[in-house]
Amino acid sequence: MISWRMAWKDWGFAPALFSQAKHFLALATDSAPGNSQEGLIRASIVFFLMSFEAFFLEVVKGYIQHNRATLNKEYPAAVAKVEEALEKKRPFSDAVHKWPKLLTGTSLDSTTEAHQNFLHLTEYRNCLVHGKISEPIPGWGKLAQDVETVDSAELAQRTVSAMLEMVSSHFGIAPPTWI
């Protein structure tokens, strides 16, 4: 099944983002605390999340392409819903929660620590995007600015790695070798 993943023009984007996130994390670890370290930490966390998003979208598109005939019989409306959401660029959190069940009949395991951390880190990113750095992160209780530590960037790496493995397993492919 790996062969269908290589057909996508953005093959290599997710691993490149993950590699860049690791680079930002290494720079942040070696930096003195301050503005530049905070920027590197932010970049690391955001790039780890972006690598997951790129991988997830790549896997879903490939899964649909490879299994379209079966999916159209087993889950007739699923492909249309997912492809419509892809076109309209629906919120990514909806995709992670809904698409696996639509396409396979089962959801990702939302009870894992990795999934919970993924939700928190996604909320952190949303706080950054909307300029709410001094407001509590919903469901986490931390301020976004309090997340900007090397420990949190390392948590993002572990979390995204676990989520990449979870998605791979869910869709029946080998986990990426670049994590």
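For the structure, see preceding data.
This structure is a prediction, so every number in the text was calculated from the model and none was measured.

Conventions we followed
Residues numbered from 1 in each chain as written. Predicted model: local features only at pLDDT ≥ 70, side-chain atom pairs only at ≥ 80, totals over all residues. Heavy atoms only, no water. Salt bridge = Lys/Arg side-chain N within 4 Å of Asp/Glu carboxyl O. Helix = DSSP H or I, 4+ residues; strand = E, 2+ residues; numbered from the N terminus. Buried < 20%, exposed > 50% of the residue type's maximum accessible area, 1.4 Å probe, protein only. Axes fitted to C-alpha atoms, helices over the stretch in contact; angles between N-to-C directions. Parallel < 35°, antiparallel > 145°, perpendicular 65-115°, else oblique. Left-handed = near helix turned anticlockwise from the far one by under 90°. Contact = heavy atoms within 4.5 Å. Nonpolar A, V, L, I, M, F, W, Y, C, P; charged D, E, K, R; others polar. Phe/Tyr/Trp six-rings, centres within 6.5 Å; stacked < 30°, edge-to-face > 60°.

This next bit is on the pattern of salt bridges. For the structure on display, the rule yields five salt bridges. Where Glu 38 meets Arg 42, a salt bridge forms, and the shortest distance between an N and an O atom there is 4.0 Å. Of the two residues, Glu 38 and Arg 42 are both situated in helix H3 (residues 35-74); the distance of four residues between them amounts to about one turn of the helix. Classification of Arg 42 by relative accessible area gives partly exposed; the value is 29%. Note that Glu 84 and Lys 88 form a salt bridge whose closest N and O atoms lie 3.2 Å from each other. Taken together, the positions of Glu 84 and Lys 88, both in helix H4 (residues 78-88) and four residues apart, correspond to about one turn of that helix. Linked by salt bridges that have partners in common, Glu 38, Arg 42 and Glu 148 make up one network.

Right, let's get into the packing of helix H5 (residues 92-104) against helix H6 (residues 113-129). The interhelical angle for the contact between H5 and H6, taken along N-to-C directions, is 160°, at an axis separation of 11 Å. The angle between H5 and H6 places the two elements in the roughly antiparallel class. H6 is crossed by H5, and the crossing has left-handed handedness. Where H5 approaches H6, its residues Phe 92, Val 96 and His 97 are matched on the opposing element by His 115, Phe 118 and Leu 119. Of the residues belonging to the contact of H5 with H6, the class tally is four nonpolar, two polar and no charged.

Bringing the packing of aromatic side chains into the picture now. Within the structure shown, the criterion is met by 10 aromatic pairs. With a centroid separation of 5.2 Å and an interplanar angle of 85°, the aromatic rings of Phe 24 and Phe 47 are classed as edge-to-face. On the criterion of sequence distance, the pair formed by Phe 24 in helix H2 (residues 13-30) and Phe 47 in helix H3 is long-range, its members being 23 residues apart. Cluster of aromatic residues (ring-pair linked, three or more members): Phe 52, Phe 56, Phe 92, Trp 99 and Phe 118.

Before going further, it helps to spend a moment on the packing of H3 against H4. Taken N-terminus to C-terminus, the directions of H3 and H4 make an angle of 150°; their axes are 10 Å apart at the nearest point. Compared by their axis directions, H3 and H4 come out roughly antiparallel. Judged by the twist between their axes, the crossing of H3 over H4 is left-handed. The residues of H4 that touch H3, namely those facing Leu 57, Val 60, Lys 61, Ile 64, Arg 68, Leu 71 and Asn 72, are Val 79, Val 82, Glu 83 and Leu 86. Looking at the contact of H3 with H4 residue by residue, the classes come out as seven nonpolar, one polar and three charged.

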